[in-house]
Amino acid sequence: MIISRAAEPDAGEILTLQRAAYVAEAQLYGDPFLAPLVEPHEQVRALFGDGDAVVLKAVDGTRIIGAVRARIQEETCLVGRLVVAPDRQGEGVGSALMKAAEAEVAGRATALVLFTGHLSEGNLRLYRRLGYAEFRRERVSDHLVLVHLRKPLG
């Protein structure tokens, strides 16, 4: 597995991967309209023209098996859309992507923040294992509470 920066031609494959990865989340929350499932291709492509955004991909052979986004805002890095192919989950791809994102923004951000749903136990375990600590919960609907986590850098 090789982790590197993604480029605009990767947008379609990353979006397809994202949709496959978020199906389980949609089932968990009973919501087929989660933002990652309905995000338009143009929005993903636009990331590659944003100087504050970084999109990393994990590749095995010629296949993208994971991706993550990071965006610097002032001294904080917002991490989002960590996705791993369903058949490759549990192999350390997500951990490797997160560590690569942290290394990518080191020196430009003092902390990373992210969120996940309250029922997403696997995600919460991963983030806590990587040193992220919960700092806030936000109810966004009857069935979804977002858990916000933060990790200082340095």
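Quick caveat, the model's predicted, so the values are computed rather than measured.

Caption draft 1: Representation of the layout of surface pockets in the model. Approximately 1,200 Å³ is the volume found for the largest pocket. Contributing to the lining of the largest pocket are 49 residues, with Tyr22, Leu82, Thr116, Asn123 and Tyr127 lying nearest its centre.

Caption draft 2: Examining the confidence of the model for the chain more closely. Across the chain, the average pLDDT comes to 94, with 100% of residues at or above 70. Of all the helices and strands in the chain, helix α3 (residues 41–46) carries the lowest mean pLDDT, 89, while strand β1 (residues 2–5) carries the highest, 97.

Caption draft 3: Representation of the pairing of strand β4 (residues 76–84) in the model. Strand direction decides the pairing type here: strand β3 (residues 63–73) and β4, joined by seven bridges, are antiparallel. Bridge pairing in β4 places Arg69 opposite Gly80. In textbook terms, the turn of a hairpin is the stretch between consecutive antiparallel strands, and for β3 and β4 this stretch comprises two residues, one of which, Glu74, has a positive phi near 55°. In terms of strand pairing, β4 meets strand β5 (residues 111–117) through three bridges, oriented parallel. In the strand pairing of β5, Cys77 is matched with Leu112. What joins β4 to β5 is helix α4 (residues 93–105), and the crossover it makes is right-handed.

Caption draft 4: Quick look at the sheet that holds β3. Strands sit in the order β1-β2-β3-β4-β5-β7-β6 across an open sheet of seven strands; the sheet is mixed. Each edge of the sheet is formed by a strand with only one pairing partner; in this case those strands are β1 and β6 (133–141). Strand after strand, the sheet turns through a mean of 25° between neighbouring axes, direction not considered. Judged from the eight bridges that link them, strand β2 (residues 53–60) and β3 form a sheet pairing that is antiparallel. Bridging from a neighbouring strand, Val54 pairs with Ala70 of β3. Where α4 meets the sheet, it contacts β1, β2, β3, β4, β5 and β7 (144–152), and its direction lies at approximately 35° from that of β3.

Caption draft 5: Layout of the environment of Val140. The topology assignment puts Val140 in strand β6. Residue class for Val140 comes out partly exposed when judged on its relative accessible area of 42%. A sequence separation of 23 residues divides Val140 from Gly117, and the C-alpha atoms of the two residues are 10.0 Å apart.

Rules and cut-offs
Note on numbering: residues in each chain are counted from 1, in written sequence order. Given that this is a predicted model, residues contribute local features only at a pLDDT of at least 70 and side-chain atom pairs are listed and counted only at 80 or more, while totals for whole chains, interfaces and linings are drawn from all residues. Remark: hydrogens and water are excluded; side-chain values derive from all non-hydrogen atoms of the structure. Two kinds of site are reported from a 1 Å grid over the protein atoms alone, namely cavities, where a 1.4 Å probe fits but cannot get out, and pockets, open sets with protein on both sides within 12 Å along at least five of seven lines, and residues are called lining when an atom falls within 4 Å of a point. Grid points are joined across faces, edges and corners, and a volume is the space filled by probe spheres set on the points. As a per-residue measure, pLDDT tells how confident the predictor is, with possible values from 0 to 100. For the purposes of this entry, the term helix denotes a DSSP run of H or I that reaches at least four residues, the term strand denotes a run of E that reaches at least two, and both are numbered from the N terminus. Here a strand pair is declared whenever DSSP counts at least two bridges between the two strands. Here, the term right-handed applies to a crossover whose path from the first strand over the helix to the second runs clockwise when the strands point away from the viewer. Every axis corresponds to a line fitted to the C-alpha atoms, with the helix fit spanning only the stretch in contact, and the corresponding angles, defined between N-to-C directions, vary from 0 to 180 degrees. The contact definition used throughout considers only heavy atoms, calling two residues in contact when any of these lie within 4.5 Å. Relative accessibility thresholds used throughout: buried, under 20% of the residue-type maximum; exposed, over 50%; partly exposed, between the two (1.4 Å probe, protein chains only).

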